[in-house]
Amino acid sequence: MILVTGAAGKTGQAVVRALLANGQTVRMLVRNETQLELMSSLYDTDIVVGDMTVESVLSNVFDGIRGVYHICPNMHPDELSIGLAMISAAKNSGLNQFVFHSVLHPQVQAMPHHWQKMRVEEALFTSGIPYTILQPAAYMQNILVEWQNIMQLGIIRVPYSPESMGSPVDLKDVADVAALVLCERDHIGAIYELCGPDVLSYQEQATILSEAIGRSIYVEQISLDEWKVQANDVGLSTYSLESLLKMFSYYDLYGFWGGSHVLRNLLQRPPTSFMEFAINQNKKNQQDLL
Ligand SMILES: NC(=O)c1ccc[n+]([C@@H]2O[C@H](COP(=O)([O-])OP(=O)(O)OC[C@H]3O[C@@H](n4cnc5c(N)ncnc54)[C@H](OP(=O)(O)O)[C@@H]3O)[C@@H](O)[C@H]2O)c1
């Protein structure tokens, strides 16, 4: 059985779907009863409710597990200590493989959520556990938070330069690789950067979306102060807010992109292009409206 942590989240559910599609049995670690109820209505898996920061949860959740896919909650201040505790509990359980969901360019100290992931990677090197590390670029699906504005107003709002470059990757492709590395034996010790096939600015993504959707989409750069007001309205934690501001400043200066050969080789098919993603998302949107 494979344990997936952060399993009710965006990444977790994609990984669970891919593992189930590969015929694996899965245990999901979810945070609370509400997630338990929803996940058990969606997936045929074992589900454990527990807080990842609590040691007793980790000491029990590995029973009968052969491999873990560890996903730390997004922008969590204790990402490093959670990772270390997870590695320690996994080691005590004697499992065969620890797969860590890291991020592209974890070496960047200017972004705290990258730096914490790098320290978790470092701990894996010395843990003695057979490990595999995946380093995805930003997901194409991140743009879905702006989808309503895109469809209704024809606007994408970003708090950094619309010209900064990214290599958005389809979360489904990332999840397919997650399942692959857990189902094949020859990925132990590997670190894979997972980037989408197109290196694109937001401006170029808007042009592709315009074509896919059939309406003009514009990118509007908003100031960090404007973004902060919106973020406070949705109640982001101080750590999340500060980490995101640092991320936006980094993206503004340097972009966030890499090459896609590794992903293509692993999938043994072309990774999903941004145009394919946009067309599929638009179709899904139209079906949902019916
Ligand atoms: N988005 C990207 O483009 C991207 C790219 C590369 C890497 N990543 C990394 O992917 C990881 C996952 O991101 P995501 O967007 O999938 O996260 P997410 O949707 O927030 O999922 C995290 C899940 O963990 C749960 N959780 C939070 N705190 C917990 C705790 N103490 N114990 C147990 N469960 C807890 C959350 O529950 P609640 O909903 O109740 O909080 C949620 O279900 C992050 O580490 C992120 O840095 C993301």
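Overview of the structure.

**Comments concerning the pattern of salt bridges**
For the structure shown, the criterion picks out nine salt bridges. Note that Asp173 and Arg269 form a salt bridge whose closest N and O atoms lie 2.8 Å from each other. Taken as a pair, Asp173 in helix 7 (residues 171-183) and Arg269 in the loop between helix 11 (261-267) and helix 12 (274-289) lie far apart in primary sequence, 96 residues in all. Judged by its relative accessible area of 1%, Asp173 falls in the buried class. Note that Lys228 and Asp225 form a salt bridge whose closest N and O atoms lie 3.6 Å from each other.

**Some words on unusual backbone geometry**
Glycine aside, residues mostly have negative phi angles, and peptide bonds mostly take the trans form. Even without a glycine there, the phi angle at Met75 is positive, about 50 degrees. Its place among the elements puts Met75 in the loop between strand 4 (67-70) and helix 4 (79-93). On the accessibility criterion, Met75 (9% relative accessible area) is buried. Positive phi, normally seen in glycine, also occurs at His105, with a value near 55 degrees. Note on placement: His105 falls in the loop between strand 5 (97-101) and helix 5 (112-125). Given the relative accessible area of 25%, His105 is considered partly exposed.

**A word on the nonpolar core**
Among the nonpolar cores identified, the biggest contains 72 residues, and Val4, Met28, Tyr69, Leu134, Ile143, Ile156 and Leu209 are the most heavily contacted of them. Here the element with the most residues in this core is helix 7; it accounts for eight residues. Not counting chain neighbours up to four residues away, the residues in contact with Tyr69 comprise Leu3, Val4, Thr5, Val15, Val99, His101, Leu134, Ala178 and Leu182. Counting residues in each nonpolar core, the second largest holds 24 residues, with Phe62, Leu95, Val120 and Ile129 among its members.

Quick notes on the rules
- Residues numbered from 1 in each chain as written.
- Predicted model: local features only at pLDDT ≥ 70, side-chain atom pairs only at ≥ 80, totals over all residues.
- Heavy atoms only, no water.
- Salt bridge = Lys/Arg side-chain N within 4 Å of Asp/Glu carboxyl O.
- Helix = DSSP H or I, 4+ residues; strand = E, 2+ residues; numbered from the N terminus.
- Buried < 20%, exposed > 50% of the residue type's maximum accessible area, 1.4 Å probe, protein only.
- Core = buried A, V, L, I, M, F, W, Y, C linked by side-chain atoms within 4.5 Å.
- Contact = heavy atoms within 4.5 Å.

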